[in-house]
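What follows is the residue order along each chain.
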Amino acid sequence: MRPKLIKPLVFIACLMPVANMAFGGFRAQLGANPIEAITHETGDWTMIMIMATLSITPLRRITRINELISFRRMIGLFAFFYGTLHFLTYIWLDKFFDWHEIVKDVYKRPFITAGFTGFVLMIPLAVTSTKGWIRRLGKKWVVLHRLIYVTAIAGVTHYIWLVKKDEAKPFMWAFILSLLLLWRIVDWTIKRRKSSATKLPAEPTLAS
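Read on for a plain summary of the structure. All figures in this text were calculated on a predicted structure; none of them were measured in a lab. (Residues numbered from 1 in each chain as written. Predicted model: local features only at pLDDT ≥ 70, side-chain atom pairs only at ≥ 80, totals over all residues. Heavy atoms only, no water.)

1. Examining the overall build of the protein chain
Okay, so step 1: Of regular secondary structure, the protein chain possesses nine helices and zero strands.
Okay, so step 2: Sequence-ordered secondary structure for the protein chain, helices as α and strands as β, is α-α-α-α-α-α-α-α-α.
Okay, so step 3: With the C-alpha coordinates aligned to their principal axes, the bounding extent of the protein chain is approximately 85 × 45 × 35 Å.
Okay, so step 4: In the protein chain, buried positions account for 31% of the 208 residues.
Okay, so step 5: Considering only residue pairs separated by 6 or more positions, the protein chain has 65% of its internal contacts joining residues 24 or more positions apart. (Helix = DSSP H or I, 4+ residues; strand = E, 2+ residues; numbered from the N terminus. Buried < 20%, exposed > 50% of the residue type's maximum accessible area, 1.4 Å probe, protein only. Contact = heavy atoms within 4.5 Å.)

Here is the structure:
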């Protein structure tokens, strides 16, 4: 695998959803409620990008294709990009920057609270995604970027609480996230046991 050759293709592929939305809006093909269509589409792609970001490490370990890690930052930033579009659709096209109404929504509507929490947690992840911040934060960077799991949980919760009828899609994301969290727990447990085993003193032998 040559990441330098594949990265531009992945970048273009990640831009295709927003290009399709823009084209659909230009051609008036977003249905009877364009704002709702954009809200759902940007929300779906935010979840797709978050789950793709979380899937890279397990896939790298399973396939042993270490080059996959070079795509994680880009896909993570696209998750923030679509999350920002989703948030802007709500505060701009839906609420017209009525901050009083927005604050009331965040306070009174649990699904808005969960979604807002998930978006806010994505901001420090996006800001500190550069190599400079990785060097400055050191080991703290790894701890900080574990917030992606909290973001994913908040996003899935937002989706489940939002949907009233067809719950298949949000529960599909909940299932995928559960698998990814389970993998992380198992991987952490195995590493911890190996680390403990290497620190144990050697068993005395007859020769000693």
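2. Points about the side chain of Arg60
Okay, so step 1: Assignment of secondary structure puts Arg60 in helix α2 (residues 34-63).
Okay, so step 2: When residues no more than four places from it in sequence are discounted, the contact partners of Arg60 are Ile65, Asn66, Leu68 and Ile69.

3. Some words on the nonpolar core
Okay, so step 1: Counting residues in hydrophobic clusters, the biggest one holds 27 residues, and the most contacted among them are Met49, Ile50, Met51, Leu54 and Val156.
Okay, so step 2: Contributions of two or more residues to this core are made by α1 (3-26), α2, α3 (72-94), α5 (110-127), α8 (147-162) and α9 (168-199).
Okay, so step 3: Looking at this core element by element, the count peaks at six residues for α2.
Okay, so step 4: Sequence-distant contacts of Leu54, that is, excluding residues within four places in its chain, are made with Ile148, Tyr149, Ala152, Leu177 and Leu180.
Okay, so step 5: Counting eight residues, the second largest nonpolar core, distinct from the first, contains Tyr90, Ile102, Val106 and Phe119. (Core = buried A, V, L, I, M, F, W, Y, C linked by side-chain atoms within 4.5 Å.)

4. Overview of the packing of α5 against α8
Working note: a packed helix pair is described by the angle between its axes plus the distance between those axes.
Okay, so step 1: Where α5 meets α8, the axes come as close as 8 Å, and the angle between the chain directions of the two elements is 155°. Considering their axes alone, α5 and α8 lie roughly antiparallel with respect to each other. Regarding α5 and α8, the two cross each other, and that crossing is left-handed. Touching Pro110, Phe111, Ile112, Ala114, Gly115, Gly118, Leu121, Met122 and Leu125 of α5 are Leu147, Ile148, Val150, Thr151, Ala154, Thr157, His158, Trp161 and Leu162, all from α8.
Okay, so step 2: A class-by-class count of the residues in the contact of α5 with α8 yields 13 nonpolar, five polar and no charged. (Axes fitted to C-alpha atoms, helices over the stretch in contact; angles between N-to-C directions. Parallel < 35°, antiparallel > 145°, perpendicular 65-115°, else oblique. Left-handed = near helix turned anticlockwise from the far one by under 90°. Nonpolar A, V, L, I, M, F, W, Y, C, P; charged D, E, K, R; others polar.)

5. Some words on the environment of Gly118
Okay, so step 1: Mapped onto the fold, Gly118 is located in helix α5.
Okay, so step 2: Once the C-alpha coordinates of Gly118 and Ile190 are considered, the two residues, 72 residues apart in sequence, prove to be 29 Å apart.
Okay, so step 3: Apart from the residues lying within four places of it in its own chain, the contact partners of Gly118 are Thr151 and Ala154.

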